[in-house]
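Chain and residue survey
Okay, here's what each chain looks like letter by letter:
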Amino acid sequence: MSMYSNTKIKFVIPIITILVMGLLLGACARSESAPAAEPTVAPEEAPAEADAAPETGTEASAAAEATPPPTSEEESGLTDETTIGAPGMGDPLFPLEGNGGIDVQNYLLDIAWDDETGSIDATATLAIDATQDLSAFNLDFHGLEISDITVDGESADFSRDGDELTITLPALVAQGAPFEVAIHYSGVPEPIPGSVTNGWTATENGVYVMGEPNVAKTWFPSNNHPADKASYTFRVTTPADFDVAANGVPGDITDNGETKTTEFVANDPMATYLATVNIGHFDRQDETGPDGLPIISYYFVGATPDNLAPFARFPEMIDAFDDLFGPYPFEVAGNIQIEEQLGVALESQTRPLYGSNTKESTVAHELAHQWFGDYVSLKGWNDVWLKEGFAKYSEGLWAEHKGGPDALDAWVSDNFESLMGLQYIPKAQLTKFLDVFETPEATLTQEDVAALLDFPLAKFDEQGAGRPVELTDEEIEAALAQVPEEGVSNRELAPILEPLPFDAWKVTFDEYIAMTALLEGEEPAIRNQDRIDIIAELAPPPDSVTTSDPSVMYSTGVYNRGALAMHALRLRVGDEVFFRILRTYFDRFGGGSAGSDDFVAVAEEVSGQDLSEFFQAWLEEPIIPDIPEMGLLKENYR
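Thresholds, definitions, all that
- Residues numbered from 1 in each chain as written.
- Predicted model: local features only at pLDDT ≥ 70, side-chain atom pairs only at ≥ 80, totals over all residues.
- Heavy atoms only, no water.
- Helix = DSSP H or I, 4+ residues; strand = E, 2+ residues; numbered from the N terminus.
- Buried < 20%, exposed > 50% of the residue type's maximum accessible area, 1.4 Å probe, protein only.
- Areas by Shrake-Rupley, 256 points an atom, 1.4 Å probe, with all protein chains shown as cover.
- Pairing = 2+ DSSP bridges.
- Phe/Tyr/Trp six-rings, centres within 6.5 Å; stacked < 30°, edge-to-face > 60°.
- Contact = heavy atoms within 4.5 Å.
- Expected span 1.5 Å × (residues − 1).
- Lys, Arg positive; Asp, Glu negative; His and termini not counted.
- Salt bridge = Lys/Arg side-chain N within 4 Å of Asp/Glu carboxyl O.
- Polar contact = N/O pair within 3.5 Å; in protein donor to acceptor, adjacent residues only side chain to side chain.
- Axes fitted to C-alpha atoms, helices over the stretch in contact; angles between N-to-C directions.
- Core = buried A, V, L, I, M, F, W, Y, C linked by side-chain atoms within 4.5 Å.

Quick word on the overall build of the protein chain
For the protein chain, the helix and strand inventory stands at 19 helices and 30 strands. Taking all 638 residues of the protein chain together, the buried fraction comes to 56%. Within the structure as shown, the protein chain displays about 24800 Å² of accessible surface, and the carbon and sulfur contribution to it stands at 49%.

Structure (structure tokens):
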């Protein structure tokens with residue numbers, strides 16, 4: 001996932017404000033990198049989903065009444081708790097997500113959408129293998145009303161407790177045996193408070209679906225954890241004038257008269273949060289990637305050249321990442337871009353989902369997720385850095401592909417400096433900056449404007465890195481000559497600053513304090529304070545994710561510090577060994593899931609080095625390590 005506020009934050013703010021605004025000031029930078037969060041649910045509160053009163057399936061109950069119950073406990077097998085699947089997989093952040101006793105092999109999602117009411121009428125048919133003897137099992141499902149459930153064609157009892165759907169099997173299923181469950185449901189999907197995305201989301205133009213981390217259950221019943229991956233078939237019925245874009249290979253479109261049914265088949269195993277269905281008006285674009293890979297993308301009708309520009313080099317991106325990571329892992333590739341402006345992008349498998357306001361680095365980020373997070377999924381959500389840090393670093397790898405080693409060095413330095421609290425205030429957004437932070441209007445003298453231009457200035461290169469720039473005496477004098485004798489409002493600086501050849505101020509935290517004071521008409525005093533505590537807040541260790549709070553799960557420590565950990569590893573072991581580590585990791589865990597411990601083990605095995613202290617420093621220590629090979633030292637930013 002790319003959260004736009006996790007890219008380079010363009011405003012500098014006091015530490016308290018940084019933490020509040022980090023998700024509001026739209027990096028991606030995760031290009032694609034963090035979003036405005038809703039109220040969060042701490043992991044220890046997750047079981048509160050079960051507070052709702054249990055609800056019993058009516059049709060299933062009627063069927064049960066019509067069938068005489070077993071005459072003994074032994075005959076029923078229902079009193080033996082060893083035959084009831086656990087209600088969760090014990091994920092460190094979402095303990096009730098996923099379920100025990102089952103391994104879903106395939107989801108067939110047959111969904112009819114009503115554009116007037118926003119409701120869906122759907123059947124989810126799950127092909128499941130029992131991983132233990134089963135008399136009952138759970139699925140994760142939120143909100144929507146269930147009309148009936150069948151198991152291998154026979155009606156089954158069910159009950160609901162919060163988001164836990166318990167299905168009682170008509171007969172005991174032996175360990176290893178396959179069975180099929182069909183669940184008929186309907187209603188208007190509702191979001192889950194505290195999630196960074198809403199799952200099934202209605203818009204003025206249709207529907208889009210983003211399911212990270214745990215909201216796939218808002219639109220289909222599932223074993224909702226990335227450790228259980230399955231293939232998918234989507235059959236989506238819409239009014240005839242709407243189009244559908246989903247995961248996998250597009251199939252038949254059936255004309256039903258006033259409606260049509262569109263099919264997509266995703267054969268490669270996929271985590272539930274990566275499943276997506278998007279309904280709107282799309283132009284389909286077909287291209288060919290490496291080794292004849294079909295690239296099938298869907299862009300909203302009316303997309304401008306600027307909207308489409310970030311995708312222009314997409315086949316080249318696939319080719320570049322093929323060389324670095326190994327072959328693209330799925331049978332099809334592509335993109336989906338909807339007309340809405342989104343604060344995030346999501347790596348929905350085979351076809352990432354973007355809003356109209358994305359950028360090229362975000363496209364690189366979500367493409368890299370096809371390897372990091374999709375092909376190799378997470379064993380637990382506490383290891384979210386493993387996919388987000390890799391994908392963030394892939395933005396730097398794409399910059400290196402386009403601009404060579406110097407471009408990568410600039411990208412790494414920029415990210416390190418941002419974690420040191422060194423940030424950019426764009427010249428073109430100065431008035432917006434003042435408004436966002438409710439800076440009072442003040443009159444600046446010619447001397448004030450001269451002092452403003454004395455702060456460090458930068459100009460962005462093609463890769464977006466800020467290069468230092470100094471104004472000439474003549475340029476400064478020309479600007480000051482435009483300041484009226486009575487002074488100028490801090491809201492009316494644009495005409496004076498616009499001709500000057502710089503893009504932003506590049507300031508430390510202390511310089512930010514002084515610059516803010518100057519813009520408020522106060523004395524610009526520099527405060528020399530130890531900023532290590534601020535650095536610790538800006539770049540928490542990636543392994544510190546112990547809560548489902550989005551501001552923690554999707555922090556700059558997860559994205560940017562995780563990315564720099566990858567580069568520091570590359571500097572330590574060398575290019576050849578580093579990329580061999582990545583390919584070995586994909587070969588070993590591709591199609592399944594892995595965690596931090598698995599990656600560390602592969603890195604040590606391939607490099608032949610003891611990397612325990614290295615990973616402890618980068619993933620666990622409160623303060624981000626230095627990168628001495630590049631002269632990036634925390635001491636220089638105190």
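Don't stop here, the text continues.
Side note on the sheet that holds strand S18 (residues 282-288)
Pairing in this open sheet of four strands is mixed, and the strands run S18-S19-S20-S22 from one edge to the other. Two strands in the sheet have a free side with no partner beyond their single neighbour: S18 and strand S22 (353-354). Examined bridge by bridge, S18 and strand S19 (residues 294-300) share seven bridges and lie antiparallel to one another. Paired with Thr288 across the strands is Pro294, a residue of S19.

Structural notes on the packing of aromatic side chains
Inspection of every chain in the model, using the stated rule, returns 39 aromatic pairs. Ring geometry for Phe282 and Tyr298: centres 6.4 Å apart, planes at 80 degrees, overall edge-to-face. One end of the pair, Phe282, is in strand S18; the other, Tyr298, is in strand S19, with 16 residues separating them in the sequence. You'll find Phe282 and Tyr298 in the same group, each marked buried. Where Tyr424 meets Phe460, the ring centres are 5.2 Å apart and the plane angle is 55 degrees; that geometry is what we call tilted.

Notes on the environment of Val151
For Val151, the location among the structural elements is in strand S6 (residues 145-151). Sequence-distant contacts of Val151, defined by excluding residues within four places in its chain, comprise Ala156, Ile167, Leu169, Pro170, Phe179, Glu180 and Val181.

So, helix H5 (residues 314-325)
A rise of 1.5 Å per residue sets the reference length of H5, with its twelve residues, at 16 Å; its end C-alpha atoms lie 16 Å apart and thus fit the reference within 8%. What H5 keeps buried is the set Phe314, Pro315, Met317, Ile318, Ala320, Phe321, Asp322 and Phe325. Turning to H5, the residues buried within the fold contact S18, S19, helix H6 (360-369), helix H7 (385-403) and helix H17 (575-589). Directly after H5, the chain includes Gly326, whose backbone phi takes a positive value near 110 degrees.

Looking at the side chain of Asp228
Structurally, Asp228 is set in the loop between strand S12 (206-210) and strand S13 (230-239). Buried within the structure, Asp228 lacks any salt-bridge partner; its nearest side chain of opposite charge belongs to Lys229, at an N-O separation of 9.7 Å. At a separation of 2.5 Å, a polar atom in the side chain of Asp228 contacts the side chain of Asn223. When near neighbours in sequence (up to four residues on either side) are disregarded, Asp228 contacts Ile102, Asp103, Val104, Asn223 and Met270.

So, the pattern of salt bridges
In the structure shown here, the tally under the stated rule is 21 salt bridges. Taking the shortest distance from any N to any O, the salt bridge between Lys217 and Asp163 comes out at 3.2 Å. Of the two residues, Lys217 sits in the loop between S12 and S13 while Asp163 sits in the loop between strand S8 (157-161) and strand S9 (164-173), which places them 54 residues apart along the sequence. Note on Lys217: relative accessible area 0%, which makes it buried. With a closest N to O distance of 2.7 Å, Lys387 and Glu347 form a salt bridge. Of this pair, Lys387 sits in helix H7 while Glu347 sits in the loop between strand S21 (344-345) and S22; the two residues are 40 residues apart in sequence, bridging distant segments of the chain. With relative accessibility at 1%, the residue Lys387 sits in the buried group. Through salt bridges with shared partners, one network takes in Glu212, Glu347, Lys387 and Glu388.

A word on the sheet that holds strand S24 (residues 423-426)
Within the open sheet, the four strands sit side by side as S24-S29-S26-S27. Their pairing is antiparallel. Among the strands making up the open sheet, the edge pair consists of S24 and strand S27 (466-469). Taking each pair of neighbouring strands and ignoring which way they run, the sheet shows an average axis angle of 45 degrees. Here four bridges tie strand S26 (residues 457-460) to S27, and the two strands are oriented antiparallel to one another.

Observations regarding the environment of Asp243
Along the chain, the position of Asp243 falls in strand S14 (residues 243-246). For the pair formed by Asp243 and Gly280, sequence separation is 37 residues and the distance between their alpha carbons is 5.3 Å. Beyond its immediate stretch of four places on either side in the chain, Asp243 contacts Lys260, Asn278, Ile279, Gly280, His281 and Phe282. Here the side chain of Asp243 touches Phe282 through a polar contact of 2.9 Å, landing on its backbone nitrogen.

Here we look at the nonpolar core
Residues Ile167, Phe179, Trp219 and Phe234 are the most contacted members of the largest nonpolar core, which totals 144 residues. When residues no more than four places from it in sequence are discounted, the contact partners of Phe179 are Ile102, Leu126, Ala127, Ile128, Ala130, Leu134, Phe137, Val151, Asp152, Leu169 and Val173. Judged by nonpolar contacts, the second largest core, of 27 residues, contains Leu444, Leu471, Leu500 and Leu518.

Remember that the coordinates give geometry; whether it matters functionally is a separate question.
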